[in-house]
Amino acid sequence: MENYEVVVLGGGPGGYVAALRAAKLGKKVALIEARDLGGTCLNRGCIPSKTLLRHAEVIETIGKAKEWGIETGPVTFSLTKMLARKDAVIKQLRSGIAYLLKKGEIKVYNGFGEVRKDRTIAIRKQEKEVLISGDNIILATGSKPLVPPIPGIESAAYFTSDTIFDIEKIPASMVIVGGGIIGVELASIFASLQVRVHLIEMGERVVPSEEPEASELLMKSLEKKGITVLANTKVVQIEQRGSNKFVEIEKENSDKEIVETETILMAVGRTANTSSFSELNLEINGPFVKVDNRMATSEPGIYAIGDIIGGWQLAHVASAEGLVAAANAAGETEYMNYSIVPRCVYTSPEIASVGMTEREANQQGIDYKIIKIDHSSNGKALAQDEKEGFTKLIASRRYGEILGVLMVGPHVTEMIAEASAFMRLEGTVEELASMIHAHPTVSESVYEAAASWLEKGVHH
């Protein structure tokens, strides 16, 4: 039986990054992946959705171009070619990961790994089984889509975020259950393909993890795209009749109605994959594995990262956790810091934020000041015909320390890195306002917010 100094269970953005870090620290490393390298993010999540969102952006731009004096013929879609491009992007990135693992001399086992009580790991593929052992084990098994027990769903055909990117044809209509990040991004994609979309959210607004003004602006944008957004609404029953589904919904006022649809997409959240280490007696935190700030579990030598520990459940957070876990598994001492985590929604307009929300600043009793700069007077936003959006800055009155930034608009998922860097370095509003920003750029709104916070704004 082969023994390794570090064994990583799961080859997603947390797992493969952990394996590479441990190998660079001189350890003998094995990585076990049941499906494809890159995990959910690369193969069934972040990358395919962002590739198709780019397609949606181009389709929407073609539609806008008529108002700019650019005429085209009727727009046609080839789902086959779109999905082929998506697959090509995935394949290229997956090959890149395989190359890095090979270069790092990391042994990759393709199969389902199961950690036993004696901490040996059984790897099964088809009818074959291989046993290995590890001095340290990093659990990075990720999550799977959560499907709620809605009456009738067991006999109805539906998609999840894991299966939707293999859809064979563009449906005429779609009901998306869940208005979180996954739901709104997929609603944007299919609306651009001229699908009649109903987006159903139990809460009072879409993307409830973000501040209300961002959710409200996005909701209006979704409705402009022809999406029917139903907040404060729940699905009470689903019935399959022939090729169509009949979705019974109940609104906040207890009124009920039936929505007929060709396709259903369940996007209500994800649940941790814990079956591969169920024999271990790990301390848990609700449905998740409990870890400390070293990513260590209650069992010595066993670490956990990514979706199985709950928290942010973001690919870039899993990667950061993987780096910390690998360092500690290799004998170093590192700690995870969650104080500055950028959060992104890739719809049109995009949403990006980092740090505290206004509500969190209130709850902590901080004396703060807020400035909000609309993009309606931003030269670049106007030139791009994407003036809907804003930049919101939260900073402490005492020292001017930047506490949080929220942006809605074009390219803000790229721009959020500037705010994150300032906060990481404990930058102040005064320092931000003294930095020259290129013109014309949407990022000028960050400067404008800082200058206005200091009551030195030129345009605001």
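Before reading on, note that the structure itself is shown above.
Read on for an overview of the structure. What you see is a predicted model; the values in this text were computed from it and never measured. (Residues numbered from 1 in each chain as written. Predicted model: local features only at pLDDT ≥ 70, side-chain atom pairs only at ≥ 80, totals over all residues. Heavy atoms only, no water.)

## Re the overall build of the chain
Looking only at helices and strands, the chain features 12 helices and 24 strands. Taken over C-alpha atoms, the radius of gyration comes to 24 Å for the chain, in line with the 23 Å a tight globule of 460 residues would show. Structurally, the chain occupies a C-alpha span of about 70 × 65 × 45 Å along its principal axes. Sorting the 460 residues of the chain into buried and exposed places 51% on the buried side. Long-range pairs, those at least 24 residues apart, make up 62% of the contacts in the chain with a sequence separation of at least 6. When the accessible surface of the chain is totalled, it reaches about 22,200 Å², and 50% of it is carbon and sulfur. (Helix = DSSP H or I, 4+ residues; strand = E, 2+ residues; numbered from the N terminus. Rg over C-alpha atoms; globule rule 2.2 N^0.38 Å. Buried < 20%, exposed > 50% of the residue type's maximum accessible area, 1.4 Å probe, protein only. Contact = heavy atoms within 4.5 Å. Areas by Shrake-Rupley, 256 points an atom, 1.4 Å probe, with all protein chains shown as cover.)

## Let's talk about the state of the cysteines
A disulfide bridge is the covalent bond that connects two cysteines by way of their sulfur atoms. Applying the stated criterion to the full structure yields 1 disulfide. Disulfide pairing places Cys41 opposite Cys46 at an S-S distance of 2.4 Å. Between Cys41 and Cys46 the disulfide shows an S-S torsion of about -130°. By sign, it is left-handed. A residue is classified by how much of its surface remains accessible, and Cys41, at 17% relative accessible area, is buried. In this structure Cys46 comes out as partly exposed when scored by relative accessible area, which is 27%. Cys344 carries a free sulfur, and the closest cysteine sulfur to it, the one in Cys46, is 11 Å from it. (Disulfide = S-S within 2.5 Å.)

## Brief notes about the side chain of Thr233
On the secondary structure map, Thr233 appears in the loop between β11 (228-230) and β12 (234-241). A relative accessible area of 3% means that Thr233 is categorised as buried. Among the polar contacts listed, one links the side chain of Thr233 to the backbone oxygen of Ala231, at a separation of 2.8 Å. Beyond its immediate sequence surroundings of up to four residues, Thr233 is in contact with Ile200, Glu201, Met202, Ile249, Glu250 and Lys251. (Polar contact = N/O pair within 3.5 Å; in protein donor to acceptor, adjacent residues only side chain to side chain.)

## Some remarks on the pattern of salt bridges
Considering all chains together, one arrives at 24 salt bridges under this definition. In this structure, Arg44 engages Asp162 in a salt bridge whose closest nitrogen and oxygen atoms are separated by 3.8 Å. Of this pair, Arg44 sits in helix α2 (residues 39-44) while Asp162 sits in the loop between β8 (159-160) and β9 (173-177), and the two are 118 residues apart along the sequence. Each of the two residues, Arg44 as well as Asp162, counts as buried. Among the salt bridges present, the one from Glu358 reaches Lys392, with a minimum N-O distance of 2.9 Å. (Salt bridge = Lys/Arg side-chain N within 4 Å of Asp/Glu carboxyl O.)

## Concerning the sheet that holds strand β22 (residues 368-374)
The 5 strands lie next to each other as β20-β21-β24-β23-β22, forming an open sheet whose pairing is antiparallel. In the strand order of this sheet, the two ends are held by β20 (343-345) and β22, each with one partner. This sheet shows a mean twist of 10° between the axes of neighbouring strands, independent of strand direction. Relative to strand β21 (residues 350-355), β20 runs antiparallel, the two being bridged by 3 bridges. (Pairing = 2+ DSSP bridges. Axes fitted to C-alpha atoms, helices over the stretch in contact; angles between N-to-C directions.)

By themselves these figures say nothing about function.
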